[in-house]
Structures are given as C-alpha cells and as structure tokens.
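Breakdown of the fold
The lines below spell out each chain.
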Amino acid sequence: MLASVEKKLEQIPFPLQVVMPDGSTVGDPNFRVRLVVKDFKSLARVASGNIGHLAEDYVEGRVGLDGNMRDVMAAAQVLLPHSPIDGSHAHWLASLFKRGISMARHTIDRDAKQIEFHYDLSDDFYALWLDPRRVYSCAYYPTPKSTLAQAQEAKLDLICRKLRLREGERFLDIGAGWGGLLLWAAENYGVDATGITLSRNQHAYVNRLIEERGLSGRVRMLLQDYRTVEPTQPWDKIASVGMFEHVGRARLDSYFTRVRNLLRPGGLVMNHGITAGGTRNTQLGAGMGDFIEKYIFPGGELVHVGQVMESVTNGGLEAVDVENLRPHYARTLWAWSDGLEAQLEAAHRILPGEQGEKAIRAYRLYLAGCAMSFEHGWISLHQVLCQTLPTGASNELDEPADREYPFRRDYMYQPRLDPQPAEAAPPKAPQVAAA
C-alpha cells in the first residue's frame, strides 16, 4: 500500500506530502498540499483513489488537510483510478429497483426535509460567498473579466430575455431560492411574479425583501411544493432554476407534466439545471456521489441531458432551445470556493462547534470538487427552453399572437434598451456583518 501511495505522489505535478498514522512522512517536505492520515483505512483510500470517502474522512476529522483548494483538486484528479462517469448499463431488475428507491425518496414530506437540510443551514453562511443577490446557481460570464455579481445579473437577464418576459405577464419561479430571479423579473420586466420554495429561511428572507422594495401585491413568495400548485389560472412564463436536480429520476416525467399543466398554451418554460456528464452512471464514482448525498444534497439525482429531453417530451412539452453552460458553472463555483476560503474565520463564527466545523469542511470540498467536475465534464449545466406542443399551424415563423417562441435565436442576446449594470443597481438586501 505504501508503494502504491508513493507511486501516486510521483504523478502529482507539484510537491505533496502524506503524514502516515505513525507520524512518518512520504513525499516532499516543501509541500504545497499536505495530507495527514490518522489511520490505515484512510491511507488505503489514498492508494485506491477513493476520493469521495477520503473527503468524508476529512469532514469527520480522520484526515487533516493543508493547502490551497485548487491544488487539492489538482491532486485529487490524479488520485482517481479512472473517470468517475465510467459505467455500464444496469440490469433491468437493478434499474427497476433504483426507480422504486427514487420514487420513495421523493415524496412531498421527504423532499421538504431534504431541502431544509441544505438550504436552511444558515443564510449568513451562504451570504459570505454568494453574490449580493444570493443567486445560488450557475452564473453567465458575458466577458472573461466579469465579476461574480455581474455574471449573476447577466444570467438573470438572459433567462428573462429567453422567456420573452413582458410587463403584466404572470410569471412563476419554481424553487425561487433567495429571490434573485423573482425580484429581477418583477423590477426590470414588470411581471406579476410568484415564487415557491420549500426552505423556510428563504421564504422568510424573500418576503422581507418584497415588503422592503414595495412589491407587495405584485410579487409573492410561497412556502409550497410544486406538486401542490393549482393550475386555476395558467402562468404565461415559468422558470425552474437549480431545482429539478431535487425532483428524482423516477419523477421527471410527472414533473414536466405538472409544469405543462401550469403553463398557458403558447407559453414558455425555462428549465435551468445540472445534468450528468455520462449516460450510464447513476452518480459520480470514486465515492464522490456518496459524499454529496451524505453531506450536501440528500436526495439529489442527476440525469444526462438526453434523458431530460425524453422527459420534456413525455411531459407534453417541446424543447425549442438548449444551451450548455458547463464552463460558466465551473467559473461560478471557483468564485464561490475562493469566496469561502477568504471568509473561513467568519464562517467558523457563524457555524460554531463540531457540527459547524464539519459543515465548513464539507462545503470547502464540495465547492472546489464541483468546480473540478464541471471543468472535466463529469457534470454539466443545461438551459432548456420549452413551449407547449405544436398546434399544426403553418404561420409559426410569422410570430403569431398565440405562440411565444419565434424560432430565431437572436432576440436572446440582444441587450435590453435600459440595461442596469451590476454596480449601478445593488440589491437592498440586509448586510451580514463579518463578525
């Protein structure tokens, strides 16, 4: 095992040291990354490249780690024995069993608890490393030098343009988070906006912002599951950003069916979410999927964009535009990771004690690990714009009044007539003290 560890270290393109359980060391004393292994079980994970369970050992205090997160991830990818998206098609019986598990783990009650586990950790903690609007999803970098705040506002506006939002339209945001898109659409496009969330913290936070900004009556945030929203009056436009990852593979068809039933004929849906990089793996290998399931997103399930397209169709929608934003999410995650690394002292004050320490360690690895995964294409991010099914009309290219999508893409990237730069319109959100 020691020989295997030494061979691994030779492949890492910078100095790395491993401190053994007996206190001896292997590797370069002038290290950029140091791994302190406290038992031989963790050492075996180094040798095998099981980086997900090695990450678990770090969170639980069985492994110590020193070094820059970018260097740590560069070393982690060398330790991997093979691509974490390698896999083979499962036997039909195994597939049926997994479908049953997926159905069981995504009931309304269980989804609410799983969302609470992640999003209600601490608003102040997330505020340390998110942009001022607390947009917790992939940004869109219009230029290489765009800041995180500018890129998040560019993403919000891109979604609004793709949806062709117009003043007075009824807009539904499924999984509205801390209200970034909901408020942007209302303040910049004049829509009547409804957001739903399962997070009590987010629900309370956004409703405070709505009141502070004088938007009551035109904007509302509801504590509600998408399955309980009644389609009594269909919405003109619907967005789902960073939410369908929580739906579950077995429920994707019914999810898109539900969305379709909430949409008026000819309306548009934007589904923005993380997708799997492989077509055969049910989660990232080398223990990475297990780590995320245990510490970050219990119940999260990813599917390849091909399966998303299948479920869109099964749900009674037509995909009219698909865009891959994978490298944008890699850059977003590195911005979040760098932000957290710069605020570790404040993070420990916000999340004190042993459980707080575990959460901070988990998020350090999660943010940097996901950035690496997007860079390698192990996971991806797709915006899928959908409309209700075609009616057989021959005038679709003539922009008929009953259909929204023009089947021409140029409108998505035309700047608005009254753009508001990120630095010119800071959100009126409560500030979190560094202490």
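Refer to the preceding data block for the structure.
Below: a short report on this structure. The structure presented is a predicted model; accordingly, all values stated were derived computationally and were not measured.

Observations regarding the sheet that holds strand β11 (residues 379–388)
Spatially, β7-β6-β5-β8-β9-β11-β10 is the arrangement adopted by the 7 strands of the open sheet, whose pairing is mixed. Two strands in the sheet have a free side with no partner beyond their single neighbour: β7 (219–223) and β10 (317–324). Sheet twist, expressed as the average angle between the axes of neighbouring strands with direction ignored, equals 15°. Alignment of strand β5 (residues 170–174) against strand β6 (residues 192–197), held across 5 bridges, turns out to be parallel.

Re the environment of His 82
Its place among the elements puts His 82 in the loop between α4 (69–79) and α5 (92–104). We classify His 82 as partly exposed; its relative accessible area is 47%.

Thoughts on the side chain of Asp 321
Take Asp 321: it is sitting in strand β10. The class for Asp 321 is buried, based on a relative accessible area of 7%.

What about the packing of helix α11 (residues 252–262) against helix α13 (residues 305–314)?
The packing of two helices is summarised by the inter-axis angle and the distance between the axes. At a minimum axis separation of 7 Å, α11 and α13 run at an interaxial angle of 50°. The angle between α11 and α13 places the two elements in the oblique class. Seen from above, α11 lies across α13 with right-handed handedness. Together, Leu 252, Asp 253, Phe 256 and Thr 257 of α11 and Val 308, Ser 311, Val 312 and Asn 314 of α13 make up the contact between the two elements. Of the residues in the contact of α11 with α13, the class split is 4 nonpolar, 3 polar and 1 charged.

Points about the packing of aromatic side chains
Within the structure shown, the criterion is met by 20 aromatic pairs. When the centroid spacing of 6.2 Å and the interplanar angle of 50° are considered together, the rings of Trp 129 and Tyr 363 count as tilted. Of the two residues, Trp 129 is situated in helix α7 (residues 123–129) and Tyr 363 in helix α16 (residues 353–376); the sequence distance between them amounts to 234 residues. Here Trp 129 matches Tyr 363 in class, with each residue buried. Aromatic side chains Tyr 136 and Trp 178 sit 6.2 Å apart centroid to centroid with 50° between the ring planes, which places their arrangement in the tilted category. With Tyr 136 in the loop between α7 and α8 (148–162) and Trp 178 in the loop between β5 and α9 (180–189), the pair connects residues that are 42 residues apart, well separated along the chain. For the pair formed by Tyr 136 and Trp 178, the shared burial category is buried. Grouped by ring-pair contacts, the aromatic residues Phe 125, Tyr 126, Trp 129, Tyr 136, Trp 178, Tyr 329, Trp 336, Tyr 363, Tyr 366 and Phe 374 constitute a single cluster.

Notes on the pattern of salt bridges
Enumeration over the complete set of coordinates arrives at 26 salt bridges. One salt bridge in this structure joins Asp 66 and Arg 34, with 2.9 Å as the shortest N-O distance. Linking Asp 66 in strand β4 (residues 63–67) with Arg 34 in strand β3 (residues 33–37), this pair joins segments that are 32 residues apart in sequence. Its relative accessible area of 31% is what places Asp 66 among the partly exposed residues. Given a relative accessible area of 27%, Arg 34 falls into the partly exposed group. Arg 70 is the partner of Asp 338 in a salt bridge, and the nearest nitrogen-oxygen pair spans 2.7 Å. Of this pair, Asp 338 sits in helix α14 (residues 326–341) while Arg 70 sits in helix α4; the two residues are 268 residues apart in sequence, bridging distant segments of the chain.

Some words on the pairing of strand β8 (residues 235–241)
Of all the 7 residues making up β8, 7 are buried; the element is thus mostly covered by neighbouring parts of the structure. Summarising the sheet, β5 and β8 pair through 4 bridges and their orientation is parallel. Residue Asp 173 lies in a different strand from β8, and its bridge partner there is Ala 239. Note: β8 against strand β9 (residues 263–276), 6 bridges, orientation parallel. Bridge pairing links Trp 235 to Leu 263 in β9. Handedness of the crossover is the feature at issue here: the chain leaves β8, passes through α11, returns alongside β9, and the resulting connection is right-handed.

Quick look at the sheet that holds β3
One open sheet holds the 4 strands; their spatial order is β2-β1-β3-β4, and the pairing between them is mixed. This sheet does not close on itself; its edge strands, each paired only once, are β2 (25–27) and β4. Direction aside, the axes of adjacent strands within the sheet are offset by 15° on average. Across 3 bridges, the pairing between strand β1 (residues 16–19) and β2 is antiparallel.

Each value, and the rule that gives it
- Residues numbered from 1 in each chain as written.
- Predicted model: local features only at pLDDT ≥ 70, side-chain atom pairs only at ≥ 80, totals over all residues.
- Heavy atoms only, no water.
- Pairing = 2+ DSSP bridges.
- Helix = DSSP H or I, 4+ residues; strand = E, 2+ residues; numbered from the N terminus.
- Axes fitted to C-alpha atoms, helices over the stretch in contact; angles between N-to-C directions.
- Buried < 20%, exposed > 50% of the residue type's maximum accessible area, 1.4 Å probe, protein only.
- Parallel < 35°, antiparallel > 145°, perpendicular 65-115°, else oblique.
- Left-handed = near helix turned anticlockwise from the far one by under 90°.
- Contact = heavy atoms within 4.5 Å.
- Nonpolar A, V, L, I, M, F, W, Y, C, P; charged D, E, K, R; others polar.
- Phe/Tyr/Trp six-rings, centres within 6.5 Å; stacked < 30°, edge-to-face > 60°.
- Salt bridge = Lys/Arg side-chain N within 4 Å of Asp/Glu carboxyl O.
- Right-handed = clockwise from strand over helix to strand, strands pointing away.

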